[in-house]
Amino acid sequence: MRIGDLAARAGVSVRSLRYYGEQGLLLPDRTASGQRTYDLQAVDRVLLVQQLYAAGLASRTIAQLLPCVDAGVATAESAALLVGERDRISSQIAQLQAARDRLDDVIHISEHPTPEHCPALR
């Protein structure tokens, strides 16, 4: 199938598919005239890549994991990579929660100003 057909079937943009190709995540066949063509399994590949992106993984990380997916084998390296990504995301969540808590403090102070926090009230 052509790139537009794959985009429609997978629910992604043609631009995304080209990007996936550039990153080595989706490898098309080429016609004699250079047009990209894909087999039906490409739809599943695109959906998997979309899931991995939605899980917060970068294209470089996805590219490292796909050979294990293709081989149907989980390696110690792939497991460690996934655990590391989960830990990275957990750290980001903690940082965002701390930022939200600080913002809640600022909102509270702005809604209930005191001389301590507002020089204009001194």
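Our subject is the structure that appears above.
Please read these numbers as outputs of a predicted model, since none were measured by experiment.

1. So, the packing of aromatic side chains
Next, step 1: Within this structure, the stated rule accounts for 2 aromatic pairs.
Next, step 2: On the basis of an interplanar angle of 25° and a centroid distance of 5.8 Å, the ring pair of Tyr-20 and Tyr-53 is categorised as stacked. Of the two residues, Tyr-20 sits in helix α2 (residues 14–22) while Tyr-53 sits in helix α3 (residues 41–54), which places them 33 residues apart along the sequence.
Next, step 3: Taking the relative accessible area as the measure of exposure, Tyr-20 reaches 3% and is therefore buried.
Next, step 4: Cluster of aromatic residues (ring-pair linked, three or more members): Tyr-19, Tyr-20 and Tyr-53.

2. Describing the nonpolar core
Next, step 1: One finds Leu-6, Leu-17, Tyr-20, Leu-26, Val-46 and Ile-62 to be the most contacted residues of the largest nonpolar core, which totals 19 residues.
Next, step 2: Counting residues per element, the ones that place at least two in this core are α1 (3–10), α2, α3 and α4 (59–71).
Next, step 3: The element best represented in this core is α3, accounting for 5 residues.
Next, step 4: Setting aside residues up to four positions removed in sequence, Leu-6 forms contacts with Met-1, Leu-17, Leu-26, Tyr-38, Ala-42, Val-43 and Val-46.

3. Regarding the layout of surface pockets
Next, step 1: Space inside the largest pocket adds up to approximately 170 Å³.
Next, step 2: Among the elements of the structure, α3 and α4 are those that each provide at least two residues to the lining of the largest pocket.
Next, step 3: When grouped by side-chain class, the residues that make up the lining of the largest pocket number 8 nonpolar, 3 polar and 3 charged.

Rules used in this analysis
Residues numbered from 1 in each chain as written. Predicted model: local features only at pLDDT ≥ 70, side-chain atom pairs only at ≥ 80, totals over all residues. Heavy atoms only, no water. Phe/Tyr/Trp six-rings, centres within 6.5 Å; stacked < 30°, edge-to-face > 60°. Helix = DSSP H or I, 4+ residues; strand = E, 2+ residues; numbered from the N terminus. Buried < 20%, exposed > 50% of the residue type's maximum accessible area, 1.4 Å probe, protein only. Core = buried A, V, L, I, M, F, W, Y, C linked by side-chain atoms within 4.5 Å. Contact = heavy atoms within 4.5 Å. 1 Å grid on protein atoms, 1.4 Å probe; cavity = no way out; pocket = protein on both sides within 12 Å on 5 of 7 lines; lining within 4 Å. Points joined across faces, edges and corners; volume = space filled by probe spheres on them. Nonpolar A, V, L, I, M, F, W, Y, C, P; charged D, E, K, R; others polar.

Just geometry here; none of it tells us what the structure is for.
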